[in-house]
Amino acid sequence: MSDDTAKLIEEVNTDNQSSVSYNDETVIWEGRPSQWVNIGSFLWWGAFLIASTVLLVFWQSGLNEGYSQVITEAVYWACYGLVGLSIFSLVYAYLSVRYEHTVITRNKIKEAKGITSIFRQELFCEISDIKDIHSPPAGLLGLVGLSTLVIETNDDDQPIIKIRAIKNRNQLIEMLLPIWRKLKIERKGYFGDR
């Protein structure tokens, strides 16, 4: 645990004695998923990219002899199309994760997703609207020290918030739980769920 994280957890726990102001937007955590979530896409589209490139090289080096011009053109179109689709898919997978960002303040969870401002979506959820916090098994991401946090909420826009492929999930939970409990008691009452 880094010194900054330990200091922030200590601040959260000491601030837990006083009530949280409605306009307190002090950031307690922010981050984005690791590109490791794209490993499947990278392997899948990388294999298509390599296979179509190898086929093009062999086709141009004499494999096309004996075939008609129509078949040669069809192979070129298919290979170049597959190369283009593979490159587009790899770039899209990278950028979609790159532009996914989550910020947790003392009052809200803000999720921002989308590559350009035209498609960018920003969703806000009050921490007092959280119903439950799950920490599912890390699976293969655990091999590289990453895990996912799943937050169920009463918010209609964000019934489930997934903070994917992050490091130090347990420290995030330690920072979030005291604030969530305090806000739940202060703003809704302990048994006042919708």
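Residues numbered from 1 in each chain as written. Predicted model: local features only at pLDDT ≥ 70, side-chain atom pairs only at ≥ 80, totals over all residues. Heavy atoms only, no water.

Asks: Help me understand the overall build of the protein, please; the structure alone is not making it clear to me.
Replies: Helix and strand counts for the protein stand at four helices and seven strands. Within the protein, the fraction of its 194 residues that count as buried is 36%. Considering only residue pairs separated by 6 or more positions, the protein has 58% of its internal contacts joining residues 24 or more positions apart. (Helix = DSSP H or I, 4+ residues; strand = E, 2+ residues; numbered from the N terminus. Buried < 20%, exposed > 50% of the residue type's maximum accessible area, 1.4 Å probe, protein only. Contact = heavy atoms within 4.5 Å.)

Asks: For this particular structure, what's the right way to read a nonpolar patch on the surface?
Replies: Together, Trp-36, Ile-39, Leu-43, Leu-140, Leu-143 and Val-144 line one region of the surface with nonpolar side chains, adding up to about 660 Å² of accessible area. Tracing the backbone shows Leu-143 in the loop between β5 (130-134) and β6 (147-153). (Patch = residues over 30% accessible without salt bridge, like charges linked within 9 Å, V, L, I, M, F, W, Y side chains within 5 Å. Areas by Shrake-Rupley, 256 points an atom, 1.4 Å probe, with all protein chains shown as cover. Salt bridge = Lys/Arg side-chain N within 4 Å of Asp/Glu carboxyl O.)

Asks: Hey, could you run me through the sheet that holds strand β2 (residues 101-105) in this one?
Replies: As a general point, the strands of a sheet are linked pairwise by backbone hydrogen bonds and lie either parallel or antiparallel. The strand order across the open sheet built from four strands is β1-β2-β3-β4, with neighbouring strands paired in antiparallel fashion. Strands with a single pairing partner mark the edges of an open sheet, and in this sheet they are β1 (27-31) and β4 (121-126). Recorded for the sheet is a direction-independent mean angle of 10 degrees between the axes of neighbouring strands. Of the pairings in the sheet, the one linking β2 to strand β3 (residues 108-113) comprises four bridges and is antiparallel in character. Across the sheet, His-101 pairs through a bridge with Ala-112, a residue of β3. (Pairing = 2+ DSSP bridges. Axes fitted to C-alpha atoms, helices over the stretch in contact; angles between N-to-C directions.)

Asks: Please clarify how the sheet that holds β5 should be interpreted in this entry.
Replies: Spatial strand order, β5-β6-β7: three strands in an open sheet with antiparallel pairing. Edge positions in the sheet fall to β5 and β7 (160-166), since each has one partner strand and no second. Each adjacent strand pair in this sheet contributes to an overall mean axis angle of 15 degrees, direction not counted. Strand direction decides the pairing type here: β6 and β7, joined by five bridges, are antiparallel. Each residue of the ladder has a partner; that of Ser-147, found in β7, is Ile-166.

Asks: Looking at this structure, I do not really get the packing of aromatic side chains. What am I missing?
Replies: Given two aromatic rings, one states the distance between the centres and the angle between the planes to describe the pair. Scanning all chains against the criterion turns up five aromatic pairs. An angle of 45 degrees between the planes, with centres 5.7 Å apart, marks the rings of Trp-45 and Phe-48 as tilted. Highlighted residues: Trp-45 and Phe-48, both in helix α2 (residues 39-63), separated by three residues, approximately one helical turn. By relative accessible area, which is 29% here, Phe-48 ends up partly exposed. Between Phe-88 and Tyr-92, the ring centres sit 6.3 Å apart and the planes meet at 15 degrees, which makes this aromatic pair stacked. Note that Phe-88 and Tyr-92 are positioned in helix α3 (residues 69-98) at a spacing of four residues, about one turn of the helix. (Phe/Tyr/Trp six-rings, centres within 6.5 Å; stacked < 30°, edge-to-face > 60°.)

Nothing here speaks to function; it is geometry throughout.
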